[in-house]
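Notes for the structure review
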Amino acid sequence: IAIPILIVILFVSGFLFEDTLSYLIFGMSLIIAFVFLYRFKGFLLAFALITINAFLNYWKTEDFSINNLIFAAIVYFVLALIVIELKKVNDDFKSNEKQYRDVVERANDGIIIIQDGLIKYANPSISNILGYSVKEVLNTDFKKYIIKEELPKVIEFYQNKIKGKKAPLIYETVLKHKSGGSVYVELNVGIIEYKGKSADLIIMREITQKKQVEDILHQREQEFKILVEESPDIIIRFDKEYRCIYVNPAVEKEFGISPREFFWKTFKEVGFSKETVKLWEVALNSVFKNGKEKTIYLEQKTIKGLKYYYSRLLPEYDKEGKIRSVFSITRDITEAKEIDRIKSEFITLSSHQLRTPLSIIRWCSKALLDEGSFNEEQKDY
């Protein structure tokens, strides 16, 4: 409704002017309005209206001339190009502003602007992180959302930044949720100008789940250290080139070689015998190739003499289901082997010592039966 009314007003007002300058100014106004609304199409429409108006008023305007009309046409054309470019810049600015607003408003991370210690802006994601609505956090002190234990660290961070000292752009802290719980966040801090004054732009990412995973991983690491590092068994992890990528401390107690000496080396490079190297290479190749557990028994010279070992080789897989490495557990079975040897010797010796007198008794009994004269009771004995 407004656009047609404006066109009529501008067109009719052209009849009020009685000199070329007035028409020139009138035409410029009309072109600016139409070009701003319709770009180059608006220029053509405005120019047509100006031409019609000029011919209708030609009889009452004394200084109309061809030169003036050409000059006016050039001025109108240049003005139209300028207004079109300004319109384009304005539209681009509005489009970019809308895009940035959409990005900020729809971002999963919380975005806040802090000025003079107060929160001057917050995007909707802040409610997902802290449980407060945007209205509840505006113009409140940011420090009230930081737990008591973390507050000195955050204050020190800001003081260092104000003094120009080196401070990290990203740091972790713990905030208070509206429900009373703790929220672990990662803050990315930058300085911007907001409404003519310096302000802090903070991008807030919740990492509570990440911290929980880190705690679980740390716990698993501690369990691994207790179970593996303190294990009396020799535990080694091999890569596809049969290099040792992990060796626990038990290896030093058995062979007098530091775990560091094994790292990124094969058994051959460490200095084991050809027989031992061959045995391990065949077993490792089988596990990498077939993906099945392998068991080996071996004799090995150690700093405590000749020992017997039993090793289990287990495949380890990556997230794609491919064999990444082989995990081996080697147990000293020398004592069990010695017990087995003693048992065998005992059985052999006992069997020999029992069999010899029994055989003599049997032979003598048979001889007596064959040659002696006994009654039935004596024979039975």
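See the structure above.
Residues numbered from 1 in each chain as written. Predicted model: local features only at pLDDT ≥ 70, side-chain atom pairs only at ≥ 80, totals over all residues. Heavy atoms only, no water.

1. A short note on a nonpolar patch on the surface
On the surface, Leu354, Leu358 and Ile361 cluster together to form a nonpolar patch covering roughly 320 Å² of accessible area. Relative to the elements of secondary structure, Ile361 occurs in helix 13 (residues 334-371). Assessed through its relative accessible area of 52%, Ile361 is described here as exposed. (Patch = residues over 30% accessible without salt bridge, like charges linked within 9 Å, V, L, I, M, F, W, Y side chains within 5 Å. Areas by Shrake-Rupley, 256 points an atom, 1.4 Å probe, with all protein chains shown as cover. Salt bridge = Lys/Arg side-chain N within 4 Å of Asp/Glu carboxyl O. Helix = DSSP H or I, 4+ residues; strand = E, 2+ residues; numbered from the N terminus. Buried < 20%, exposed > 50% of the residue type's maximum accessible area, 1.4 Å probe, protein only.)

2. Details of the pairing of strand 10 (residues 323-332)
Bridging between strand 6 (residues 234-238) and strand 10 involves five bridges; their strand directions are antiparallel. The partner of Ile234 across the bridge, within strand 10, is Thr330. Note that strand 9 (residues 305-317) and strand 10 share nine bridges and pair antiparallel. Looking at strand 10, one finds that Tyr317 is bridged to Ile323. The hairpin turn running from strand 9 into strand 10, its antiparallel successor, is five residues long, and Gly321 in that turn takes a positive phi close to 85 degrees. (Pairing = 2+ DSSP bridges.)

3. Side note on the environment of Leu279
Residue position: Leu279 is located in helix 12 (residues 274-290). Residue Leu279 is classed as partly exposed on the basis of its relative accessible area, which comes to 32%. Excluding its chain neighbours within four sequence positions, the residues that come into contact with Leu279 are Ile296, Tyr297 and Leu298. (Contact = heavy atoms within 4.5 Å.)

4. Let's talk about empty space enclosed by the protein
The full count for this structure, using the stated rule, is two cavities of 30 Å³ or more. Roughly 120 Å³ of volume is contained in the largest cavity. Together, 13 residues line the largest cavity, and Ile234, Phe255, Phe267, Trp280 and Thr330 are the ones closest to its centre. Looking at the lining of the largest cavity, the elements with two or more residues in it are strand 6, helix 9 (250-255), helix 12 and strand 8 (294-302). Split by residue class, the lining of the largest cavity holds ten nonpolar, three polar and no charged. The calculated volume of the second largest cavity comes to roughly 60 Å³. (1 Å grid on protein atoms, 1.4 Å probe; cavity = no way out; pocket = protein on both sides within 12 Å on 5 of 7 lines; lining within 4 Å. Points joined across faces, edges and corners; volume = space filled by probe spheres on them. Nonpolar A, V, L, I, M, F, W, Y, C, P; charged D, E, K, R; others polar.)

5. Some thoughts on the sheet that holds strand 9
A sheet is described by the order of its strands in space; here five strands give the open sequence 7-6-10-9-8, paired in antiparallel fashion. Only two strands of the sheet have a single neighbouring strand rather than two, namely strand 7 (244-247) and strand 8. Here the strands of the sheet are splayed against their neighbours by 25 degrees on average, with no regard to which way each runs. Summarising the sheet, strand 8 and strand 9 pair through nine bridges and their orientation is antiparallel. (Axes fitted to C-alpha atoms, helices over the stretch in contact; angles between N-to-C directions.)

6. Description of the packing of aromatic side chains
Under the criterion given, the structure shown has twelve aromatic pairs. When the ring of Phe255 is compared with that of Phe272, the centres are 5.5 Å apart and the planes differ by 85 degrees; the resulting orientation is edge-to-face. On the criterion of sequence distance, the pair formed by Phe255 in helix 9 and Phe272 in the loop between helix 11 (267-270) and helix 12 is long-range, its members being 17 residues apart. We note that Phe255, like Phe272, is buried. For the ring pair Tyr297 and Tyr310, a centre distance of 5.2 Å and an interplane angle of 40 degrees mean the geometry is tilted. Placement of Tyr297 in strand 8 and of Tyr310 in strand 9 is noted, with a sequence separation of 13 residues between them. Counting every residue linked through ring pairs, the aromatic cluster contains Phe238, Phe255, Phe262, Phe267, Phe272, Trp280 and Tyr309. Directly above the aromatic system of Tyr308 lies the positively charged group of Lys337, at a separation of 5.6 Å from the ring centroid. (Phe/Tyr/Trp six-rings, centres within 6.5 Å; stacked < 30°, edge-to-face > 60°. Lys NZ or Arg CZ within 6 Å of the ring centre and 35° of its normal.)

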